[in-house]
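Per-entry structural report
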Amino acid sequence: MPVAAAAPLISSVQKLVLYETRARYFLVGSNPAETKYRVLKIDRTEPKDLVIIDDKHVYTQQEVRELLGRLDLGNRTKMGQKGSSGLSRAVSAFGIVGFVRFLEGYYIVLITKRRKMADIGGHAIYKIEDTNMIYIPNDSVRVSHPDEARYLRIFQNVDLSSNFYFSYSYDLSHSLQYNLTVLRMPLETLKTETTQTRQESFDIFEDEGLSTQGGSGVFGICSKPYEKYVWNAKLLEAVRAAVHRDWLLYIIHGFCGQSKLLIYGRPIYVTLIARRSSKFAGTRFLKRGSNCEGDVANEVETEQILYDASVMSFSAGSYSSYVQVRGSVPLYWSQDISTMMPKPPITLDQADPYAHVAALHFDQMLQRFGSPIIILNLVKEREKRKHERILSEELVAAVTYLNQFLPPEHAIIYIPWDMAKYTKSKLCNVLDRLNVIAESVVKKTGFFVNRPDSYCSILRPDEKYLWNELGGCVVSTGRLQTGVLRTNCVDCLDRTNTAQFMVGKCALAYQLYSLGLIDKPNLQFDTDAVRLFEELYEDHGDTLSLQYGGSQLVHRVKTYRKIAPWTQHSKDIMQTLSRYYSNAFSDADRQDSINLFLGVFKPAEGKPHLWELPTDFYLHHKNTLGLSQTRKSYTYWWTTGVLKHLPLPFDEVTCAENRRKLTVKKFHKYEEEIDIHNEFFRPYELSSFDETFCLAMTNSTRDFMPKNVGIDPSPFTVRKPDETGKSVLGNKNNREETVLQRKTAASAPPPPSEEAVSSSSEDDSGTDKEDEGAVSQRSTPVKVTDTGDNTKITENVVQSTKDVYGVNLSDIPSEDDLAIYARFVQLGQSQHKQDKGSQQFCSKHPLDKVINLIPISSFSQDNIYEVQPPRADRKSIEIFHAHIQAGRGNMQPLGKDDFLMYREYIRNRYM
């Protein structure tokens, strides 16, 4: 079945300006080129209701100016008065977080500052840097409430400038495998879906002009977000049905980091995205185990994405990803923190003999990831006083019960390993044992890659055998990951992060090998590539630990490698004390803020206030407030239809239920809604290299490779500890002024203070200028000079060619070199000269006459990375196979022609 030409839909609302009158707010949104506009009208005369009108019309720039001019003229107090404008500009923004109401009227939360953090195939991922919270009703109709200010303060304790991310064109709530699988749907499916979409919501502009332009349409696809990882779903609930989808901007919470791995100049982007679940979310000791719906505490989905940045397109580029999950043990359990003990006792709150809550949790995982589900349990197995072992015993019983009813090939795999015990042993290497576990896990689940196996894997028998051992699902377009690793300890922080790093390192080797970048799927420690990946994972672990535990990681990868410096022990003690302080004194306030932000608690007249509740147990366990009408079977505990498609995840199967989650529209191939080239390069804007994200991000050559001449530039070469780029930079004797890379967790939230709150309710009438830092989120260059001098932060570091490449490049080529180059250019022009008169442009679109690429190569695919292998005749193939067999010792009998050839050779050689 043919695959359709499809592309992700790009939101046409990326710049917003809020205008106000006494009676209404007008929110004007436009695309980056400011050629298409949409307008929202928000009523300010309703004291408690939210009235929003979206006419769904697309305006031009001239039409918007005329509309705003008429509004300004019509809202002046006196006709013809120029002194006081009837329409004033309130604030500029880059997106809507949502609308929220406490006890008075509604507020609108706008993103006023953003920073680019990553780029996936030209699709930008932004981090929220600042927000603005604006009260909608007019002062004349406002009904004051004494507790409104306290609710507002609690809501703003959720720092939106700390680790909240969004994208205008890439669905961050889904994995790369899901997003690319949707784009490769069969053509007939997309045609049917387009017809249904047009019938359900008729749009007169939808297919305008496509029938007259000769079949050059491209399907634009937008999928419904996975609400488990969307943190502003409740904030957008009031307007989701009333406004166009371009106004809806879904944000995730967690971590996002990206670094560039340069392999002899070839740019490979390594991206790490962590999605924190918004279900049963909270702080360390206040949220343990699972709720009644199978959502567990501290559940985070971590995805590592690898792609060749020299080819940007999703259809033509090479992309690979691997997903793993962490989360609390899926049981009803908790820890009592009222005793003020460093390790409060673990208590099982409810008996669950039929593993009901574990069944709900693993059912969700089977739908999203497929099979096998692999559990890596890192809690302690041997203890003098039973503490962590309570969880292990219950989890083993639950998994054993659930596996009775699953087919053996799809059973849940349980791997217990007491990591703390092995760490204390001097005879065992913790990371070596973890590496063995990681190898077996990656071979069972496989990984995602959107390219077929390379030609060299077919030619080499030993490599073919290696690929046959690999799990996952092999399709015509590449490989799919089926199943997932679920890692847990008690807190799912320190031990879990190290284990996930080792599994990610093993998967990274397979990803690099599948893209043809290394000859064997194996990576060594102390290489530039692994150091870069380790720094990403440390930032990832610090971020998640701060969000859940209140401090950074206590034990890192270097701790388990036993190469951490002595100064690290004092830092570990400080992190432990910080975590204890946060858990004892500030976690309750953070939990209230999360409950209010996520809509778990909704203030209302006549109900107890949030700060009056003795516990939030009833808010997160809905079965305590009413009995469910439907009960799941104790034996058939999975959702109907999931088992039929295993090992594939049900969410990625082409069926009617999943098709209803898609929005499909057809566009011309040059429309801005699907043109990622136009979105990424923005030819209508003046570009500055100093502000280009790809030049400022962490770079393996600049930040990790030694600067000594003669060192192997490969990022896969093992370095000595004193050969890293960072240690060379740290030598002050070589330079008068040195630039150090200071590690900042873009992850780490700023310390809370009443004066500096990111979500401000004050009027921040800003400018159109975007506050996008060009500095990577993990490296802030700081200029170091002698003590006492007033130093400034250096933003751009210009290095010599000798520092970067190891050799001095001449500024001006010699005359001989220029003459050779001129002859080469002339030869190329003569070789590829074509008769332009014979070219006929069949398309009627005006841009077709400008953009028309004609292949000049004899190969079907003309790029520097892939060519069609030449066809060999039958005789050559027989000679090649005979040569291979001879190398293995299988000699073929010589024929008459062979003896005659050998006699002729002897006669000519010796006689």
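Scroll up a little and you will see the structure.
To keep things clear, this report deals only with the structure shown in the data block. Everything numeric here is computed off the predicted structure, so don't read it as measured data.

**A look at helix α13 (residues 528-548)**
Taking 1.5 Å per residue as the helical rise, α13 with its 21 residues ought to reach 30 Å, and the 30 Å between its terminal C-alpha atoms agrees with that figure. For α13, the buried fraction is high: 21 of the 21 residues fall into the buried class.

**Quick word on the pattern of salt bridges**
For the structure shown, the criterion picks out 28 salt bridges. The partner of Arg288 in a salt bridge is Asp491, and the shortest N-O contact between them spans 2.6 Å. Residue Arg288 is found in the loop between β13 (266-276) and β14 (300-308), and its partner Asp491 is found in the loop between β23 (484-488) and α12 (494-514); the two are separated by 203 residues along the sequence. In this pair, the class of Arg288 matches that of Asp491, namely buried. A salt bridge links Arg874 to Glu878, with the shortest nitrogen-to-oxygen separation between them at 3.5 Å. Pair noted here: Arg874 and Glu878 are both in helix α25 (residues 874-887), with a separation of 4 residues, about one helical turn. Each of Arg275, Glu301, Glu303 and Arg368 takes part in salt bridges that share partners, so that together they form one network.

**A short note on the nonpolar core**
Ranked by size, the top nonpolar core spans 53 residues in total, and within it Leu434, Phe501 and Leu512 carry the most contacts. Taken together, the elements giving at least two residues each to this core come down to β12 (252-263), β13, β14, β18 (373-377), α9 (430-445), α12 and α13. No other element matches α12, which puts 11 residues into this core. Apart from residues lying up to four places away in sequence, Leu512 is in contact with Leu261, Leu306, Leu517, Ile518, Leu523 and Phe716. Core analysis: the second largest hydrophobic core is formed by 33 residues, Val97, Leu103, Tyr126 and Leu610 among them.

**As for the side chain of Asp72**
Relative to the helices and strands, Asp72 is located in helix α1 (residues 61-74). Judged by its relative accessible area of 17%, Asp72 is buried. Among the polar contacts made by the side chain of Asp72, one reaches the main-chain amide nitrogen of Leu87 at a distance of 3.2 Å.

**Regarding empty space enclosed by the protein**
Within this structure, the stated rule accounts for 9 cavities of 30 Å³ or more. Estimates place the volume of the largest cavity at around 140 Å³. As for the largest cavity, its lining consists of 13 residues, of which Ser175, Val323, Arg368, Phe369 and Glu652 are closest to the centre. Sorting the residues of the lining of the largest cavity by element identifies α3 (176-183), β15 (319-326) and α6 (356-369) as the ones contributing at least two each. For the lining of the largest cavity, a count of residues per class yields 3 nonpolar, 6 polar and 4 charged. One number sums up the size of the second largest cavity: a volume of about 120 Å³.

**Quick word on the sheet that holds strand β1 (residues 6-8)**
With mixed pairing, the 3 strands of this open sheet are ordered in space as β1-β11-β24. The sheet is open, and its two borders are formed by β1 and β24 (662-668), each paired with just one other strand. Across the sheet, the axes of successive neighbouring strands diverge by a mean angle of 35 degrees, strand direction being ignored. Pairing of strand β11 (residues 217-223) with β24 involves 7 bridges; the strand directions are antiparallel. Paired with Gly220 across the strands is Lys665, a residue of β24.

**Focus on the sheet that holds strand β4 (residues 37-43)**
Taken in spatial order, the 5 strands of this open sheet run β5-β4-β3-β2-β6, and their pairing is antiparallel. The open sheet has two free edges, formed respectively by β5 (52-54) and β6 (88-93), since each of these has just one partner strand. Mean inter-strand twist for the sheet, computed between neighbouring axes without regard to direction, equals 20 degrees. Where strand β3 (residues 24-30) meets β4, 7 bridges bridge the pair, whose relative direction is antiparallel. For Val28, the partnering residue across the bridge sits in β4 and is Val39.

**Some points on the packing of aromatic side chains**
In total, this model carries 29 aromatic pairs according to the counting rule given. Consider the rings of Phe102 and Tyr107, whose centres lie 5.7 Å apart with planes at 45 degrees: the pair is tilted. Residue Phe102 is classed as buried on the basis of its relative accessible area of 1%. Ring centres of Phe617 and Tyr618 lie 5.9 Å apart, and the angle between their planes is 90 degrees; on these two criteria the pair is classed as edge-to-face. Assessed through its relative accessible area of 46%, Tyr618 is described here as partly exposed. Here the aromatic cluster, defined as three or more aromatic residues joined through ring pairs, consists of Phe102, Tyr107, Tyr135, Tyr151, Phe155, Phe164, Trp231, Phe597, Phe601 and Trp611. Looking at Lys505, its charged tip hangs above the ring of Phe525, at a distance of 5.0 Å from the centre.

**Considering the environment of Gln404**
As for its placement among the helices and strands, Gln404 is situated in the loop between α7 (389-403) and β19 (413-416). A polar contact of 3.1 Å, which involves the side chain of Gln404, links it to the backbone oxygen of Tyr401.

**Observations regarding unusual backbone geometry**
Of the consecutive residues Ser371 and Pro372, the connecting peptide bond is found in the cis state with omega at 5 degrees. Note the cis peptide between Leu646 and Pro647, where omega equals 10 degrees. By the element assignment, Pro647 lies in the loop between α17 (642-645) and α18 (656-659). A positive phi is found at Asn163, a non-glycine position, where the angle reads about 65 degrees. With respect to the secondary-structure elements, Asn163 resides in the loop between α2 (148-156) and β10 (164-166). Backbone geometry at Tyr264 places phi at a positive 55 degrees, although glycine is not the residue there. Mapped onto the fold, Tyr264 is located in the loop between β12 and β13.

What counts, and at which threshold
- In this numbering scheme, every chain counts its residues from 1 along its sequence in written order.
- Restriction of local features to residues with pLDDT of at least 70 applies here, the model being predicted, together with a cutoff of 80 or more for giving and counting side-chain atom pairs; totals for whole chains, interfaces and linings are based on all residues.
- Water and hydrogen atoms were dropped before computing side-chain values, which therefore reflect all heavy atoms in the structure.
- Helix and strand labels come from DSSP, where a helix needs a run of H or I of at least four residues and a strand needs a run of E of at least two; each type is numbered from the N terminus.
- The span one expects for a helix is its residue count, reduced by one, times 1.5 Å.
- Note on exposure labels: buried denotes an accessible area under 20% of the residue type's maximum, exposed denotes more than 50%, and partly exposed covers the range between, all computed with a 1.4 Å probe on protein chains only.
- Criterion for a salt bridge: a side-chain nitrogen of Lys or Arg within 4 Å of a carboxyl oxygen of Asp or Glu.
- In these notes, a set of buried Ala, Val, Leu, Ile, Met, Phe, Trp, Tyr and Cys residues joined through side-chain atoms within 4.5 Å is what counts as a nonpolar core.
- Any two residues having at least one pair of non-hydrogen atoms within 4.5 Å are treated as being in contact.
- Any pair of nitrogen or oxygen atoms within 3.5 Å is treated as a polar contact; in protein, a donor-acceptor pairing is required on top of that, and neighbouring residues in sequence qualify only through side-chain atoms on both sides.
- Using protein atoms alone on a 1 Å grid, points that fit a 1.4 Å probe yet trap it form a cavity, whereas open point sets bounded by protein on both sides within 12 Å along at least five of seven lines form a pocket; residues with an atom within 4 Å of a point count as lining.
- Grid points are joined across faces, edges and corners, and a volume is the space filled by probe spheres set on the points.
- Gly falls in the polar group here, along with every residue not listed as nonpolar (Ala, Val, Leu, Ile, Met, Phe, Trp, Tyr, Cys, Pro) or charged (Asp, Glu, Lys, Arg).
- Here, any two strands with at least 2 DSSP bridges between them count as paired.
- Note on method: axes are straight lines fitted to C-alpha atoms, helices fitted across the in-contact stretch only, with angles between N-to-C directions ranging 0 to 180 degrees.
- Side-chain rings of Phe, Tyr and Trp, where Trp is taken by its six-membered ring, are said to pair if the distance between their centres is within 6.5 Å; with planes under 30 degrees apart they count as stacked, over 60 as edge-to-face, and otherwise as tilted.
- Our definition puts a charge over a ring when NZ of Lys or CZ of Arg is within 6 Å of the ring centre and also within 35 degrees of the ring normal.

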